[in-house]
Amino acid sequence: MYATYWKSVLTHELGHSLGLDHTPYSNDIMAADSGTKSGDAKYSWDNLKVVNNDFAEFQNQLSTRDINRAKLTKVLGYW
């Protein structure tokens, strides 16, 4: 379980290097609770939004939203 968690952390940080910011959705690898959102976040939220009781950080999986956001950053020329 620890290996999966740390792979998720590395995947999350790689997402930042591709230009992705945090999201409030638990099933996104880029999820972050309100206490850890970045200062330049374009979204505001009070709590993590739990989606189908699914937490990407414990499964090291990308959501469709993660993939689409990564594609958009490429189109916008972030990488």
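Keep in mind that this is a model prediction, so the values were computed, not measured.

Draft legend 1. Molecular detail of the overall build of the protein chain. Tallying secondary structure elements over the protein chain gives 3 helices and 0 strands in all. Counting all 79 residues of the protein chain, 28% fall into the buried class. Summarising the internal contacts of the protein chain: among those between residues at least 6 apart in sequence, 55% fall at separations of at least 24. For the protein chain, the computed accessible surface area is about 5400 Å², with 56% contributed by carbon and sulfur atoms.

Draft legend 2. Geometry of the nonpolar core. Core analysis: the biggest nonpolar cluster contains 5 residues, these being Leu 20, Ile 29, Met 30, Ala 56 and Ala 70. In contact with Met 30, other than residues within four places in its own chain, are His 12, Gly 15, His 16, Leu 20, Asp 21, His 22, Thr 23, Asp 66 and Arg 69.

Reading guide: rules and limits
- Residues numbered from 1 in each chain as written.
- Predicted model: local features only at pLDDT ≥ 70, side-chain atom pairs only at ≥ 80, totals over all residues.
- Heavy atoms only, no water.
- Helix = DSSP H or I, 4+ residues; strand = E, 2+ residues; numbered from the N terminus.
- Buried < 20%, exposed > 50% of the residue type's maximum accessible area, 1.4 Å probe, protein only.
- Contact = heavy atoms within 4.5 Å.
- Areas by Shrake-Rupley, 256 points an atom, 1.4 Å probe, with all protein chains shown as cover.
- Core = buried A, V, L, I, M, F, W, Y, C linked by side-chain atoms within 4.5 Å.

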